[in-house]
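# Inside the fold
If you want the building blocks of each chain, they are given just below.
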Amino acid sequence: MMQNVLITGTGRPQALGHNLVRRYLEQGDRVFACVRGETDAFDALLREYPEQLSVVVMDVGSTPSVRDAFGQVSAKADHLDTIINNAVTTAPDCQSHVMEADPDYFARSVNVDAAGPLRVIQAFYPLLKKSEAALVVNISSEAGSIGACYRTNMTDYAVAKAALNMVTKTVFNAWKGEDNLNILCVHPGWMRTNEGNREAPLIPYDHAETLRRLFEARRRVKDGDLFITYAGEAYPW
Ligand SMILES: NC(=O)c1ccc[n+]([C@@H]2O[C@H](COP(=O)([O-])OP(=O)(O)OC[C@H]3O[C@@H](n4cnc5c(N)ncnc54)[C@H](OP(=O)(O)O)[C@@H]3O)[C@@H](O)[C@H]2O)c1
């Protein structure tokens, strides 16, 4: 069945969000690909999928921008089946040791990486409610696990992803009585999404299909693990 899908942070062709857009388009789905600012990254895909693809400017760190994006999407779709909260930002000193990292950068990372997904969920809730079986996927990270934490750096990112996991659980609790709404958070694995990740084993275009299939398998599962890996296994909170 053709579904309506919205994905955030999709403007970089080598990154996960853009490749998820490609994979859903290949399935015949209607995709709202959200970007932080105007981009030509979708020119070829817009030519290939003119009926299926819409590019929407949405800065998830800004409530007015998210509300404006809701207006654009709701003018074109009467419901949403899938939201993938994929956008992420990190502090400029993300790699610094925890004792040297500037805590003043934390607020920005949490605003985009954890508050951003909640902004999107709240704004698009009226469209999710109209789906037969809606799924929100929050793209988290093993870095957001407190139980399995081993690092002494990437503190702003880890704090923000731990906060995103808490957003996931809290929304899950709120939706317990809503049979057509589901949510989970996923550690997507280490992917070759940028120059810094050249050693990573997972190729974003290939891996996006693994993730898409996982999401479809989990769409209606409301009693499974909530924080899972790309292999569908539970990960410690
Ligand atoms: N790569 C990995 O190995 C890995 C591992 C674990 C988890 N993850 C998670 O997987 C997801 C995708 O990772 P990635 O490596 O593909 O990410 P990425 O290359 O860093 O891309 C992130 C995207 O988010 C967008 N973005 C940043 N701030 C935004 C904002 N305020 N509003 C809207 N969009 C914004 C960026 O837009 P611009 O292009 O405009 O900057 C970019 O397109 C992230 O949630 C990440 O934490 C990745």
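In the block above lies the structure referred to throughout.
The text that follows walks through the structure, step by step, so that each part is easy to find. (Residues numbered from 1 in each chain as written. Predicted model: local features only at pLDDT ≥ 70, side-chain atom pairs only at ≥ 80, totals over all residues.)

Each helix and strand counted, the protein has six helices and seven strands in total. Along the chain direction, N to C, the helices and strands of the protein fall in the order β-α-β-α-β-α-β-α-β-α-β-α-β. Relative to a compact globule of 237 residues, whose C-alpha radius of gyration would be 18 Å, the protein shows 17 Å and is just as compact. Principal-axis analysis of the C-alpha atoms gives the protein an extent of 50 × 40 × 35 Å. Within the span of the protein, comprising 237 residues, buried residues form 44% of the whole. A sequence separation of at least 24 residues applies to 66% of the contacts in the protein between residues at least 6 apart. (Helix = DSSP H or I, 4+ residues; strand = E, 2+ residues; numbered from the N terminus. Rg over C-alpha atoms; globule rule 2.2 N^0.38 Å. Buried ≥ 20, exposed ≤ 12 C-beta atoms within 10 Å, placed from the backbone. Contact = placed C-beta atoms within 7 Å.)

With that out of the way, let us pick up the packing of helix 4 (residues 106-128) against helix 5 (residues 155-174). A pair of packed helices can be characterised by two numbers: the angle between their axes and the separation between those axes. For the pair helix 4 and helix 5, interaxial distance at closest approach is 8 Å and the crossing angle is 20°. Between helix 4 and helix 5, the angle falls in the class roughly parallel. Crossing handedness for the pair helix 4 and helix 5: right-handed. Side by side, helix 4 and helix 5 meet where F106, S109, V110, D113, A114, P117, L118 and I121 of the first sit next to D156, Y157, V159, A160, K161, A163, L164, V167 and V171 of the second. Its residues assigned to classes, the contact of helix 4 with helix 5 comprises 13 nonpolar, one polar and three charged. (Axes fitted to C-alpha atoms, helices over the stretch in contact; angles between N-to-C directions. Parallel < 35°, antiparallel > 145°, perpendicular 65-115°, else oblique. Left-handed = near helix turned anticlockwise from the far one by under 90°. Nonpolar A, V, L, I, M, F, W, Y, C, P; charged D, E, K, R; others polar.)

Near the ligand, the surroundings consist of 26 residues, among which G9, A15, L16, A87 and T193 are the closest. Residues belonging to the shell around the ligand are distributed by class as follows: 11 nonpolar, 12 polar and three charged. (Near = placed C-beta within 6 Å.)

The strands making up a sheet associate through hydrogen bonds between their backbones, and the pairing can be parallel or antiparallel. Ordered by their spatial adjacency, seven strands build an open sheet running 3-2-1-4-5-6-7, and the pairing between neighbours is parallel. The open sheet terminates on both sides in strands that have one partner only, identified here as strand 3 (53-57) and strand 7 (227-229). Strand-to-strand twist in this sheet, taken as the mean axis angle between neighbours without regard to direction, amounts to 20°. Examined bridge by bridge, strand 5 (residues 134-139) and strand 6 (residues 181-187) share six bridges and lie parallel to one another. The residue bridging N138 from the neighbouring strand is C185, located in strand 6. Along the sheet, helix 3 (residues 63-74) makes contact with strand 1 (4-7), strand 2 (30-35) and strand 3, crossing strand 3 at roughly 160°. Across the sheet, helix 4 touches strand 1, strand 4 (82-85), strand 5 and strand 6, and the angle it forms with strand 4 is around 175°. (Pairing = 2+ DSSP bridges.)

All right, on to the pairing of strand 6 then. Most of strand 6 is tucked away, with seven of its seven residues classed as buried. Along strand 6, one buried face is formed by L181, I183, C185 and H187 and the opposite face, lined by N182, L184 and V186, is buried too. The parallel pair strand 5 and strand 6, bridged by helix 5, forms a crossover whose chirality is right-handed. Pairing analysis gives three bridges linking strand 6 to strand 7, with the strands arranged parallel. (Right-handed = clockwise from strand over helix to strand, strands pointing away.)

Time to look at helix 6 (residues 204-218). Look at helix 6: 20 Å from first C-alpha to last across 15 residues, which is about the 21 Å you get at 1.5 Å a residue. For helix 6, the complete set of buried residues consists of P204, H207, A208, L211, R212 and F215. Considered in projection along helix 6, the buried side chains sweep an arc of 150° and stay on one side of the axis. Of the residues in helix 6, the exposed ones pointing more than 90 degrees away from the buried face are D206, R213 and A217. (Expected span 1.5 Å × (residues − 1). Arc of directions from axis to C-beta.)

The next point concerns the environment of C94. Looking at the secondary structure, you find C94 in the loop between strand 4 and helix 4. Using a count of 16 C-beta atoms within 10 Å as the deciding quantity, one classes C94 as partly exposed. The sequence separation of C94 and A158 amounts to 64 residues, and the corresponding C-alpha distance is 9.5 Å. Beyond its immediate stretch of four places on either side in the chain, C94 contacts M154, D156 and Y157.

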